[in-house]
Amino acid sequence: MKILVTGGFGLIGANAVKRLAHEGHQVVLFDKTIERETDFFDGSDSIEFEEGDVTNHFTVTELFAKHRFDAIIHSAANLNGMYCKAHPTDAVETNTIGTLTLLELARIHHIQKFIYIGSGSVFGKQTSTDPIDETVPATPMNTYATTKRLSEELLHCYRVNYGMETINIRVSWVFGPLPTVKEPRWSNGPIAYYTYKVLTENQLEERTGRDFIANFTYVDDVTEGIVRLLETDEAPPCVHLSSEQLYGNQEIIEFLQQKCPESNIRVGKGAEPFVLQAPIRGPLVSIYKEQIGYKPSADFRESLEAYFTWLKTELKKRNEVNADRHESKLAAVRKMKGTQ
């Protein structure tokens, strides 16, 4: 299959591109910024890179005229909830109108399979931490979640009115490796935010955050679900892909303390700032796992280890691992004391 992946330099998009190329598909990676110096895609010869913005109708139209796609995975979006709140017009233009543009071009070019990377943030008004399956009504409560919910309705429209096989995937607090390392904001999630701070600053001092819990999901579980859905005939219109578990920031903090025992790590009680991005809710679970042949399998501790190792390796390339330097100095001091 020849597959278009929008937002191909983002977390889910990039890992989907890499996995699909490994599966033998021809993949066109589309993103508004292509950083060709990355080695993230090394060894994947079936990837084409196209630079452009989903909000630019002319660029996207030219893309469809140039390539004949069999399927689309649309992951391009503005994920920053605070930015979306401050700039609602831009949020709708990127997250919703961009989706509509792609759906219409898919209809015109007779592309049947359209997978949309949605968000568990559409469940913004939960009063418990009970599991949330695909039958639970969406209740978006902020601008970002609303733009994602609007796109879900567009997918439904194109499925019902035009017979397109549109699939809305809802994901939750996904983490994992990226093509390029940039300093994460707290809105990128505590795993990325905390790990980066510990490795680059050799400390983590936050006034609040220790009590936050969330449905953290390693990206491999998402890409596995995407592959299964591409292979499934008459796939369900909406599927939840997540670890199906809740994990706490305390677990992340303890992991980092074990990995970097000499680092100063202190996080106060409370769930802010992360609840400002998305409220605490139950884990996303799916009633369609058996139908699509899918089961989340990533172990949380092993996933934290994999992410930590990847980020440390990337930061070492830039000589930015302060925690390493600090530990090396301490080891040298201990060695000197031992010889005295």
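What you are looking at is a predicted structure, and each value in this text was computed from that prediction instead of being measured.

How each quantity is defined
- The numbering scheme is per chain: residues are counted from 1 as the chain's sequence reads.
- Reporting in this predicted model follows two pLDDT cut-offs: at least 70 for local features of residues, and 80 or more for side-chain atom pairs to be given and counted; totals over whole chains, interfaces and linings ignore these cut-offs and use all residues.
- As a rule here, side-chain values cover all heavy atoms of the structure and leave hydrogens and water aside.
- Two distance rules govern patches: like charges are joined within 9 Å, and nonpolar side chains (Val, Leu, Ile, Met, Phe, Trp, Tyr) within 5 Å, applied only to residues with over 30% relative accessible area and no salt bridge.
- In these tables, accessible area is a Shrake-Rupley quantity obtained with a 1.4 Å probe, and a residue counts as shielded only by the protein chains included in the view.
- Throughout this description, the term salt bridge denotes a Lys or Arg side-chain nitrogen within 4 Å of a carboxyl oxygen of Asp or Glu.
- A run of H or I in DSSP counts as a helix once it spans at least four residues, and a run of E counts as a strand once it spans at least two, with each numbered from the N terminus.
- In this text, buried Ala, Val, Leu, Ile, Met, Phe, Trp, Tyr and Cys residues form a nonpolar core when linked through side-chain atoms within 4.5 Å.
- Each residue gets one of three labels from its accessible area relative to the maximum for its type: buried under 20%, exposed over 50%, partly exposed in between, using a 1.4 Å probe on protein chains only.
- For this analysis, residues touch if any pair of their heavy atoms sits within 4.5 Å.
- Two aromatic rings from Phe, Tyr or Trp, using only the six-membered ring of Trp, form a pair when their centres are within 6.5 Å; if the ring planes differ by under 30 degrees the pair is stacked, by over 60 it is edge-to-face, and anything between is tilted.
- Here, over-ring charges are defined by two tests on the NZ atom of lysine or the CZ atom of arginine: distance to the ring centre within 6 Å, and angle to the ring normal within 35 degrees.

> Mind showing me how you'd approach a nonpolar patch on the surface here?
Nonpolar side chains collect at one region of the surface, where Val92, Ile97, Leu100 and Leu150 lie side by side and expose about 260 Å² of accessible area between them. Examined against the element boundaries, Val92 turns out to sit in helix H4 (residues 88–108).

> What is the right way to look at the nonpolar core in this model?
Proteins that are soluble and globular tend to have nonpolar side chains buried together. The biggest cluster of nonpolar side chains holds 35 residues, and the ones touching the most others in it are Ile73, Ile169, Ile226 and Leu229. Secondary-structure elements contributing two or more residues to this core are strand E1 (2–6), helix H1 (11–22), strand E2 (26–31), strand E4 (71–74), strand E5 (113–117), strand E6 (165–170) and helix H7 (219–231). Here this core gets seven residues from one element, more than from any other, and that element is H1. If sequence neighbours within four positions are ignored, Leu229 has contacts with Lys113, Ile115, Ile167, Ile169, Ala235, Pro236, Val239, Leu241 and Ile292. Formed by 34 residues, the second largest nonpolar core is a distinct cluster that contains Ala192, Tyr196, Phe212 and Leu311.

> Is there a simple way to explain the environment of Asn161 in this structure?
With respect to the helices, strands and loops of the structure, Asn161 is situated in helix H5 (residues 143–162). Once the C-alpha coordinates of Asn161 and Gly8 are considered, the two residues, 153 residues apart in sequence, prove to be 29 Å apart.

> Any chance you could explain the packing of aromatic side chains here in plain terms?
The geometry of an aromatic ring pair is captured by the separation of the ring centres together with the interplanar angle, meaning the angle of the planes. A complete count under the given rule lists 19 aromatic pairs for this structure. Both rings, one in Phe40 and one in Phe41, keep their centres 5.1 Å apart while their planes meet at 85°; by these two values the pair is edge-to-face. Each member of the pair, Phe40 as well as Phe41, is classed as buried. For the ring pair Phe212 and Phe274, a centre distance of 5.5 Å and an interplane angle of 35° mean the geometry is tilted. Taken together, the residues span a long stretch of sequence, with Phe212 in the loop between strand E8 (203–206) and strand E9 (213–214) and Phe274 in helix H9 (residues 274–277) at a distance of 62 residues. In this structure, Phe212 and Phe274 share a single accessibility class: buried. Here the guanidinium or amino end of Lys18 rests over the ring plane of Phe40, the centre of that ring lying 4.2 Å away. Stacked on the ring of Tyr162, the Lys or Arg Arg107 has its end atom at 5.1 Å from the ring centre.

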